[in-house]
Every structure is written in structure tokens, then in C-alpha cells.
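Understanding the architecture of this molecule
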Amino acid sequence: MNLRELVSALNDFASPALAESWDNVGLLVEPSPPHTVNTLFLTNDLTEEVMEEAVQKKADLVLSYHPPIFAPLKRVTWKTWKERLVVRALENRIGIYSPHTAYDAIPHGVNNWLTKGLGTCTSVPLHPSTAPSSPAEGTHRVEFCADAEHLDAVLSKIKDIPEISCLTTLPVRVEGEEQTRVSLNCSQKALLEVVALLSQNSLLYHKTQILLLQKPLLPHTGMGRLCTLSEPLSLSDTVERIKGHLGLPHVRLALGAGRTLESPVKKVALCAGSGSSVLKGTEADLYLTGEMSHHDVLDAVANGISVILCEHSNTERGFLSELRDALTIHLQNKINIIVSEKDRDPLQVA
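Residues numbered from 1 in each chain as written. Predicted model: local features only at pLDDT ≥ 70, side-chain atom pairs only at ≥ 80, totals over all residues. Heavy atoms only, no water.

Convention followed: UniProt positions are given in the numbering used here, feature names are shortened, and annotations may be inferred rather than shown by experiment.
The name an unreviewed UniProt entry assigns to the protein chain is NIF3-like protein 1, from the organism Nesospiza acunhae. Its UniProt record gives the protein chain a comment under Sequence similarities (unreviewed entry), which states: "Belongs to the GTP cyclohydrolase I type 2/NIF3 family." Of the protein chain, the UniProt comment under Function (unreviewed entry) reads exactly: "May function as a transcriptional corepressor through its interaction with COPS2, negatively regulating the expression of genes involved in neuronal differentiation."

Laid out in C-alpha cells, this is it:
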């Protein structure tokens, strides 16, 4: 596939608009066009060892779940390992694409895969995603009626205000008088200017309606998951299920206040990777994530919530095999898709 065609297909699989605002997702490194992709190489982290594997396996595009370029690069030299990744990629005509939190949010993504370690359960996003560009531009809609005497002057001033969109007029009859209904969309900043303008004419101001434009929630889409198990499990059995799902000999466990290994677990709040900010304040029997700050663990324990920590990328990496199968179908078997054998969590139990 042509690289740009493939990137478009990857964006259709998980829209970059679903990623968190702080994230760096999409095509990060692009060889000079035209660039054909025969082999797509999947990894959780793009380290130098993994890049060498991608070169040896003749990859044309690396899909790295974590973006290897996050903080801005001021130069591309051989001095630091992240700069060397870019050099090696371009020298070998390998593109780099990262989906990161877009894959966290989608219904068929990383967090959904993580829930499968709990057994039969229902789940909902902890922080639901909203439709990226719906229902319309702007944050508010303003509607008011004006008579012919004031209409032209008001419209002229409104058109001078930045961040106004969807301005429409419609003839209406109000209390037997011919008037014009004006409707517009605007940003929060522009709203202040519109209200200030209309307040100069008390008649217009009293006939003004302001509506908040709320974007609809996307079903089953968003950050984190709150899972309700079909049947309660003991905490010790839950730990064993998670270890089996992630293929780990050990996890770290903090017992909630008043809890034991035999305490029942019915509700589990989970977040792949680093879950402190996503899980914080959620009522559950158990928090499941890769890593949390020391003080957030203490807060959870004090509230009677047990915590399982598996190390950051251990809660994500197993998704790659499922992703390979899903992308094979999504891309209609047009390219070879392989999963890195060198990719691993940097932390081990010594």
C-alpha cells in the first residue's frame, strides 16, 4: 500500500481526534514520497534494539503504540537515542506512526483488551469521549429577534466579531410584527462580545436566548474502563486471572483498608499504562493499571480500594497480537503485519 493510503486507513481504524490533547499521535516520521509499505511492524515501545529488528525484518512502517517523539526535537544528530531512531528510520526508509491514547479510547482498543483478563464482565468508559466535530462549530448558539430598524446595524457589528460562525437570518412574526430571527454560533470568547453588543439595546437583549452546544458522547469510547464482574471473585483469584492474561509471574498488590486476599471483587476500575489521573476518585473494589504514584496508591488504600500494578507497558503490550489480527482484516490482507519480538518492559523482578 502507498504510505498515505495506509495512514488514512489507520486513522479510520482509530481516529487521532480521540487521542488526549497532550498526546503526539499520527505519522511522526515520513520517508520522501512515494513510499510503498509492504511490511507493517508493530511494537509497544520503539527502542534502538526494536528499531534494529525492524531494519532486519525490512519493515516499511513501524506502528509504535507509544510515540517515540514526544518532547520536541531541536536537532537530529547521533547524540541521543531518540534522535538516532529518526536517523535510522530515514536512512532505511522506514516511516513511524503512533496511535497511543487513540487506541486507549476506541471500543476495540487497549483498555477493552485489558478487561478480558477479568473474565465475564460489562464495562463502560470512566471518561467518555465526545464526538470530535459535532453538533457544530463553536461552544454556544445565540438567537434573538430584531426589527428592520436595528437589524442592519446589529448584523454589521456582529460580523466584525472574530470566532462567529453559522450566522443565519429568518423572517418571523412576533406579536403581530414582522421581525427577523438571527441565529449564530460562537466561541466562549466571542459570546462575551455578542452579549455586550446586544445588552446595549434592552429590547434585543430581553429577546435573546443562549444555548450551550454540547457534543454527544460516543458509545463505548473513552479513557479507562469501569468493569462490573458477572460474578464476584476473591481478590486472590482476580490477581491470578490478571497474571495469566498478561503473562506475568508477579504483580504488585496494595490491599485496601479492611480488605484481605479473600475479599470479594465486583467492580474494577482499570486503565492501561499510567492510571493515576484516570482512576482517581472512582468508586471500585479494585484499581488495575500499570503504574500509579505512591501517594495515589495511599489514597486508594485509605478508601478501601485495593490496587494492582503490573508495570506500565505490561498492561499494553499483549494487545499487539490482537491488533495484528484486527488490522489484517481492516487492511484486507494487503500488507504483511508482524509483531516485534524484542519489545519488552524495561523493568524486571531481580
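**Considering the overall build of the protein chain**
Filter applied, for reference: The helix count covers DSSP runs of H or I at least four residues long, the strand count covers runs of E at least two residues long, and both are numbered beginning at the N terminus. Here the globule rule reads 2.2 Å times residues to the power 0.38, and the radius of gyration is calculated from C-alpha atoms. Accessibility here uses a 1.4 Å probe with only protein chains present; expressed as a share of the type maximum, an area under 20% marks a residue as buried, one over 50% as exposed, and anything in between as partly exposed. Every residue pair with non-hydrogen atoms within 4.5 Å of one another is taken to be in contact. Accessibility throughout is a Shrake-Rupley quantity obtained with a 1.4 Å probe, and a residue counts as covered only by protein chains that appear here. Charged residues are defined here as Lys and Arg on the positive side and Asp and Glu on the negative side; His and the ends of the chain fall outside this count. Lysine's charge is taken at NZ, arginine's at CZ, aspartate's at CG and glutamate's at CD.
Broken down by element type, the protein chain carries twelve helices and 15 strands. Compactness check: the protein chain gives a C-alpha radius of gyration of 26 Å against a globular reference of 20 Å for 350 residues, more than 25% above the reference. Its C-alpha atoms put the protein chain at 80 × 60 × 40 Å along the principal axes. Every one of the 350 residues in the protein chain was classed for burial, and the buried ones make up 47%. In the protein chain, of all internal contacts separated by at least 6 residues, the share reaching a separation of at least 24 is 72%. Accessible area for the protein chain stands at about 17,800 Å²; split by element, carbon and sulfur atoms hold 53% of it. Placing the 32 positive and 41 negative side-chain charges of the protein chain at their respective mean positions leaves the two points 3 Å apart.

**What to know about helix α2 (residues 48-56)**
Turning to α2, its buried residues are Val 50, Met 51, Glu 53, Ala 54 and Val 55. In the core, the buried residues of α2 are packed alongside β2 (39-43), β3 (61-64), α3 (81-91) and β4 (95-98).

**As for the domain arrangement of the protein chain**
Selection rule: Domain start and stop points were drawn from an automatic or database domain assignment. Once two parts are joined, some of their accessible surface, as seen by a 1.4 Å probe, is lost; buried area is that loss totalled over both. When a carboxyl oxygen of Asp or Glu lies within 4 Å of a side-chain nitrogen of Lys or Arg, that pair is called a salt bridge. We call two N or O atoms a polar contact when they sit within 3.5 Å, provided that within protein one can donate a hydrogen and the other can accept it, with sequence-adjacent residues counted only if both atoms are side-chain atoms. Residues are grouped as follows: Ala, Val, Leu, Ile, Met, Phe, Trp, Tyr, Cys and Pro are nonpolar; Asp, Glu, Lys and Arg are charged; all remaining types, including Gly, are polar.
In terms of domain boundaries, the protein chain breaks down into domain 1 (3-103), domain 2 (106-129 + 220-313) and domain 3 (140-212). The straight-line distance from the C-alpha centre of domain 1 to that of domain 2 is 30 Å. Of the residues lining the interface, eleven residues belong to domain 1; the matching set on domain 2 comes to nine residues. For the pair domain 1 and domain 2, the summed buried area comes to about 770 Å², and 63% of that belongs to carbon and sulfur atoms. Of all residues in domain 1, Phe 13, Leu 18 and Tyr 103 bury the most surface against domain 2, accounting for 51% of the area lost on that side. For the interface between domain 1 and domain 2, the tally reads zero salt bridges. Here domain 1 and domain 2 share four residue pairs in polar contact (both at pLDDT 80 or more) between them. Ranked by residue count, the leading element in the side of domain 1 that touches domain 2 is helix α4 (residues 101-105), at three residues. Classifying every residue of the side of domain 1 that touches domain 2 gives six nonpolar, three polar and two charged.

**Considering the packing of helix α1 (residues 3-13) against helix α12 (residues 319-330)**
Worth spelling out the cut-off: All axes are obtained by fitting lines to C-alpha atoms, using only the stretch in contact for helices, and the reported angles, taken between N-to-C directions, cover 0 to 180 degrees. We call a crossing left-handed when the near helix sits turned anticlockwise from the far one by less than a right angle, and right-handed when that turn is clockwise.
Relative to each other, α1 and α12 sit at 115°, their axes nearing to 11 Å. Crossing handedness for the pair α1 and α12: right-handed. Facing α1, whose interface residues are Ala 9, Leu 10, Asp 12 and Phe 13, α12 presents Leu 323, Ala 326, Leu 327 and His 330. Considered class by class, the residues forming the contact of α1 with α12 number six nonpolar, one polar and one charged.

**Topic: the environment of Leu 10**
Assignment of secondary structure puts Leu 10 in helix α1. Excluding anything up to four places from it in sequence, Leu 10 contacts Leu 61, Leu 63, Tyr 97 and Leu 327.

**Observations regarding the environment of Asn 314**
Within the secondary structure layout, Asn 314 lies in the loop between β14 (306-309) and α12. Residue class for Asn 314 comes out buried when judged on its relative accessible area of 15%. Sequence separation between Asn 314 and Thr 168 is 146 residues, and the spatial gap between their C-alpha atoms is 53 Å. Those residues in contact with Asn 314 that lie beyond four places of it in its chain are Trp 113, Leu 246, Leu 248 and Asp 345.

**A closer look at the pairing of strand β8 (residues 177-186)**
Working note: regular strand, side chains alternate between the two faces of the sheet. Formally: At least two DSSP bridges between two strands are required for those strands to pair.
Across the ten residues of β8, seven count as buried, placing the element largely inside the fold. Where strand β6 (residues 140-146) lies against β8, seven bridges are found, and the strand directions are antiparallel. Its bridge partner lying in β8, His 140 is registered against Cys 186. Pairing analysis gives nine bridges linking strand β7 (residues 164-174) to β8, with the strands arranged antiparallel. Counterpart to Thr 169 in the pairing with β8 is Val 182. Counting the residues between successive antiparallel strands, the hairpin from β7 to β8 contains two residues, one of them, Glu 175, with a positive phi of roughly 50°.

**Here we look at the state of the cysteines**
The line we're drawing: By disulfide we mean two sulfur atoms from cysteines, separated by a distance within 2.5 Å.
In this structure the tally under the stated criterion is zero disulfides. With no disulfide of its own, Cys 271 has Cys 227 as its nearest cysteine by sulfur position, at a separation of 11 Å. You can see Cys 310 has no disulfide; the closest cysteine sulfur is in Cys 271, sitting 12 Å from it. With a relative accessible area of 2%, Cys 310 lands in the buried category.

**Here we look at the side chain of Ser 340**
Along the chain, Ser 340 turns up in the segment after β15 (336-339). Look past the residues within four positions of Ser 340 in its chain and what remains in contact with it is Phe 41, Leu 42, Thr 43, Val 50 and Glu 53.

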